[in-house]
Amino acid sequence: MTDALEAMHPLDWAQSWDAVGLVCGDPAAPVRRIHFAVDPTTEVVEEAIAAGADLLVTHHPLLLRPVNSVAATTFKGGVVHRAITAGLAVYVAHTNADAGAPGVSDALARVLDLDELVPLEPLPGRPDLGIGRVGVLAAPERLGDFADRVAAALPETEQGVRVAGDPDALVRRVAVCGGSGDSLFEQVRASDADVYVTADLRHHPASEARERAAFEDGRPHLVDVAHWASEWPWLAGCADRLVVALASVGRTVEAHVSTTRTDPWTLRVPSRGE
């Protein structure tokens, strides 16, 4: 099973700091049902076990930072122990899935109906692969209407969709990056994008980007969404491609995409200060 996943998203596409591949489980064990999710949380592991899954594929790593123990008395150790005792293997496709074509940002671009996709930051020697995507809408539209498009395309979160820019400005060329993307503003400007859709935009990078845009030609406008929501669209396509790839070599599996919202924010209270 891991061979099919790694054929889709080779491990060497991952960033050097990343932790991808099999987290726990026997690669030789039979797999009949696969559960896909963004985050390997306790709730998602329980959901996968309840669904009868043999394998949980997540986008985010469980063990990204080194640990000295996976004792069941710790959160991460508890997840590992629960998975192993239930016979559930856990596999991660993170920045190697970000770079893929199709990959995480491809999926985000396609639910926004973008065409003519190219990587925002290509991998060295692979202009067809890389982080982020740049594409175009079928016709220009108001930034406010485009923000409505984003809100309708992604799963609901407490954050919703935040916008920086004139809602009446016309946009057509769009840069996207699933997950945290405020390290890519130089690439976005170089792409000539009218608007940039990503997650986790921090105050200072976003403020500086808009100040610079005002000094130049007003672009890019910014659309900030929840991290989990920006990456969730990738799951269904990855599941479908894996089922088809395995069927082509005579291996039959079922795949299920988690609908559990693992975005950590549960309440939004508008400020009422003077």
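Please refer to the structure placed before this passage.
Residues numbered from 1 in each chain as written. Predicted model: local features only at pLDDT ≥ 70, side-chain atom pairs only at ≥ 80, totals over all residues. Heavy atoms only, no water.

1. Side note on the layout of surface pockets
Computed from the structure, the largest pocket encloses a volume of approximately 740 Å³. If you trace the largest pocket, you find 33 residues lining it, with H60, H94, S180, H227 and E231 closest to the centre. Counting residues per element, the ones that place at least two in the lining of the largest pocket are α3 (75–85), α4 (95–99), β8 (170–180) and α9 (227–231). Tallying contributions element by element places β8 first for the lining of the largest pocket, with 4 residues. Classifying every residue of the lining of the largest pocket by side-chain character gives 13 nonpolar, 12 polar and 8 charged. A volume near 180 Å³ is recorded for the second largest pocket. If you trace the second largest pocket, you find 16 residues lining it, with G25, D26, A29, D54 and A89 closest to the centre. When the residues that make up the lining of the second largest pocket are grouped by side-chain class, the tally is 11 nonpolar, 3 polar and 2 charged. (1 Å grid on protein atoms, 1.4 Å probe; cavity = no way out; pocket = protein on both sides within 12 Å on 5 of 7 lines; lining within 4 Å. Points joined across faces, edges and corners; volume = space filled by probe spheres on them. Helix = DSSP H or I, 4+ residues; strand = E, 2+ residues; numbered from the N terminus. Nonpolar A, V, L, I, M, F, W, Y, C, P; charged D, E, K, R; others polar.)

2. Things to note about the sheet that holds strand β6 (residues 126–142)
Within a beta sheet, neighbouring strands are joined by backbone hydrogen bonds and run either parallel or antiparallel to one another. Spatially, β5-β6-β8-β9-β10-β7 is the arrangement adopted by the 6 strands of the open sheet, whose pairing is mixed. Edge positions in the sheet fall to β5 (115–123) and β7 (162–164), since each of these pairs with one other strand and no more. Mean inter-strand twist for the sheet, computed between neighbouring axes without regard to direction, equals 25°. Across the face of the sheet, helix α6 (residues 143–153) comes into contact with β6, β7, β8, β9 (195–199) and β10 (221–225) while running at roughly 125° to β6. (Pairing = 2+ DSSP bridges. Axes fitted to C-alpha atoms, helices over the stretch in contact; angles between N-to-C directions. Contact = heavy atoms within 4.5 Å.)

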